[in-house]
Amino acid sequence: MAPAPPHPALPRLTLVLGGARSGKSRHAEALVTALPPPWTYVATAQPFDAEMTDRIAQHKARRAEGWRTLETTHDLAGLVRTSGDSDTPMLIDCLTLWLSNVMLADMDVPARCAELIDALGSAHGPIVAVSNEVGLGIVPDNALARAFRDAQGRLNQNVAALADRVILMAAGLPLTLK
Amino acid sequence: MAPAPPHPALPRLTLVLGGARSGKSRHAEALVTALPPPWTYVATAQPFDAEMTDRIAQHKARRAEGWRTLETTHDLAGLVRTSGDSDTPMLIDCLTLWLSNVMLADMDVPARCAELIDALGSAHGPIVAVSNEVGLGIVPDNALARAFRDAQGRLNQNVAALADRVILMAAGLPLTLK
Amino acid sequence: MAPAPPHPALPRLTLVLGGARSGKSRHAEALVTALPPPWTYVATAQPFDAEMTDRIAQHKARRAEGWRTLETTHDLAGLVRTSGDSDTPMLIDCLTLWLSNVMLADMDVPARCAELIDALGSAHGPIVAVSNEVGLGIVPDNALARAFRDAQGRLNQNVAALADRVILMAAGLPLTLK
């Protein structure tokens, strides 16, 4: 459904930002697969319940041949450092699940985010990173949710500052922010 | 308050998307009433409590002469099929309340959404449909709210793919996505 | 991090709208400090808990010399009326905390908002007002949160209608709505 990207050539780093069910993953995949295969898919989801297992299966079913899937739940920076120096286009889906994994594991969030930014800054690319915008609702009741949306907002700002192109998705349609 | 639409002529299908109190209904009404009357207003709200009754009354008070109001809480596809073949411009306000009615009645959501998409695809138009963007906050705690925002996001993507024009409202101002 | 504003000259009234951690305050400060000092910073936050005290301290630490800080928790209209007639650029950070203070104090919200709109309409400027967009998540469970997002949405619409320029921030990047 996502419209074909206007310029098939991808810059070094693209951030595809959007809400839940906004067509982020689909658009990011379309950007990557406009280049010739192979492509690397970096999955950060943890299949910890039936809902998430189902969602992962749907994502996998949609992806065509030509993808190599790498899974990482916490050490995304390490994976980007070791795999991000080839010419193979890489899709990271998504920063939000990774950040959620890091917070739930009680890791040092600012340090891990800084490490990821550093790895993304040094990677060869092209990389397309998917992330959620979560700050446009009412202030959440509980402190963990507030801490999460603060951390997510800061991470999005830092990745956006580093990115060559930033796209905001709404209803499956891309809006170029940068 | 909504600025006059740049092109008074409406395409076959327009989606006006936005958050709560973003000026969606007002803008959609301005798009429709830029054409000569009569106009059809399709109301999907159920006045199940005082808050909603009050909101419906406010919407009605704002609408001028020239409107014919049709009410449907669940069979929006049927209404679009039977009324959508005239030349009378139709405003559907809104898809979010309709979807909420369908979910609360425990109907088959994907089937009903497919039926609606089919009806919108066959309608003569012009139709302006209003819908909420609900996916830009933190993940909701309860599963029903998560299911709702998933269904709403999918419906918005499908209507947007079908629409000739998609507008995102923020603070009463329109942003053209398509 | 916020990109330098394209036109350093500020119009009479600018609204910088965005989600939590979207870079609103930083961008608004960059707009104001593109003009020569002095600048007036209007703080509306109440340091009622450790989280907010910490956030206020972070904001203060980021601001350079040249700022005069005025604090008001409830009478923002009065402050704008008495201070808004000088040539000194004024940054109001933010309307959302002010509105929250007014609602928690059980004041007459529509009357207070009308009074603020009136004061902003008569002010000399340039004024940059920061506000949150809070209506793009799922409908909140509790009535107070729903009332707040309705009031915030209406206030944003009214300030946006009055403003010469309206900017929506996402991931630290500005999108011009008006």
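Residues numbered from 1 in each chain as written. Chains lettered and ligands numbered in written order. Predicted model: local features only at pLDDT ≥ 70, side-chain atom pairs only at ≥ 80, totals over all residues. Heavy atoms only, no water.

## A look at the overall build of chain A
Moving on, step 1. Summing up its helical and strand segments, chain A has six helices and seven strands in all.
Moving on, step 2. Traced from its N-terminal end to its C-terminal end, chain A shows the element sequence β-α-β-α-β-α-β-α-α-β-α-β-β.
Moving on, step 3. Rg of the C-alpha trace for chain A: 15 Å, near the compact-globule value of 16 Å for 178 residues, within the 12% margin.
Moving on, step 4. Overall size of chain A, expressed as C-alpha extent along the three principal axes, is 45 × 35 × 35 Å.
Moving on, step 5. Buried residues in chain A amount to 56% of all 178 residues. (Helix = DSSP H or I, 4+ residues; strand = E, 2+ residues; numbered from the N terminus. Rg over C-alpha atoms; globule rule 2.2 N^0.38 Å. Buried < 20%, exposed > 50% of the residue type's maximum accessible area, 1.4 Å probe, protein only.)

## As for the sheet that holds strand β3 (residues 67-71) of chain B
All names here are of chain B.
Moving on, step 1. Within the open sheet, the seven strands sit side by side as β3-β2-β4-β5-β1-β6-β7. Their pairing is mixed. Taken across any chain shown, the strands that pair with only one partner, and hence form the sheet edges, are β3 and β7 (173-176). Within this sheet the neighbouring strands show an average axis-to-axis angle of 25°, counted without direction.
Moving on, step 2. Strand direction decides the pairing type here: strand β4 (residues 90-93) and strand β5 (residues 127-132), joined by four bridges, are parallel. Bridge pairing in β5 places Met 90 opposite Ile 127.
Moving on, step 3. With respect to the sheet, helix α3 (residues 76-83) is in contact with β2 (39-43), β3, β4 and β5, its orientation differing from that of β4 by roughly 175°. (Pairing = 2+ DSSP bridges. Axes fitted to C-alpha atoms, helices over the stretch in contact; angles between N-to-C directions. Contact = heavy atoms within 4.5 Å.)

## Details of the relation of the copies chain C and chain B
Moving on, step 1. Placing chain C over chain B gives an RMSD of 0.0 Å and needs a rotation angle of 120°, together with 0.0 Å of translation along the axis. Expressed as a symmetry operation, the mapping of one chain copy onto the other fits a three-fold axis. For chain C, the minimum C-alpha distance to the rotation axis belongs to C:Gly137 and amounts to 2.4 Å. (Least-squares fit on C-alpha atoms with pLDDT ≥ 70 in both.)

## Observations regarding the layout of surface pockets
One water molecule sets the probe size; rolling that probe over the atoms shows where empty space is left.
Moving on, step 1. Quantified by volume, the second largest pocket comes out at close to 390 Å³.
Moving on, step 2. Along the wall of the second largest pocket there are 18 residues; nearest its centre are C:Pro110, C:Ala147, C:Asp150, C:Ala151 and C:Arg154.
Moving on, step 3. Of all the secondary structure elements, the ones that give two or more residues to the lining of the second largest pocket are α2 (50-62) of chain B together with α5 (109-122) and α6 (143-162) of chain C.
Moving on, step 4. For the lining of the second largest pocket, the element with the highest residue contribution is α6(C), accounting for eight residues.
Moving on, step 5. Considering only residue class, the lining of the second largest pocket consists of nine nonpolar, two polar and seven charged. (1 Å grid on protein atoms, 1.4 Å probe; cavity = no way out; pocket = protein on both sides within 12 Å on 5 of 7 lines; lining within 4 Å. Points joined across faces, edges and corners; volume = space filled by probe spheres on them. Nonpolar A, V, L, I, M, F, W, Y, C, P; charged D, E, K, R; others polar.)

## Thoughts on empty space enclosed by the protein
Moving on, step 1. Applying the stated rule across the entire model yields two cavities of 30 Å³ or more.
Moving on, step 2. Computed from the structure, the largest cavity encloses a volume of approximately 170 Å³.
Moving on, step 3. What lines the largest cavity is a set of 16 residues, and nearest its centre among them are A:Leu136, A:Leu168, B:Leu136, C:Leu136 and C:Leu168.
Moving on, step 4. Among the secondary structure elements, those contributing two or more residues to the lining of the largest cavity are β6 (165-170) of chain A, β6 (165-170) of chain B together with β6 (165-170) of chain C.
Moving on, step 5. Among the residues forming the lining of the largest cavity, the class breakdown is 12 nonpolar, two polar and two charged.

## What about the sheet that holds strand β1 (residues 13-18) of chain A?
Residues and elements named next belong to chain A.
Moving on, step 1. On the basis of which strands lie adjacent, the open sheet formed by seven strands has the order β3-β2-β4-β5-β1-β6-β7 and mixed pairing. The two strands at the open ends of the sheet, each matched to only one other strand, are β3 (67-71) and β7 (173-176). Averaged over all adjacent pairs, the angle separating strand axes in this sheet is 25°, with direction ignored.
Moving on, step 2. Direction of pairing for strand β2 (residues 39-43) relative to strand β4 (residues 90-93): parallel, over a ladder of four bridges.

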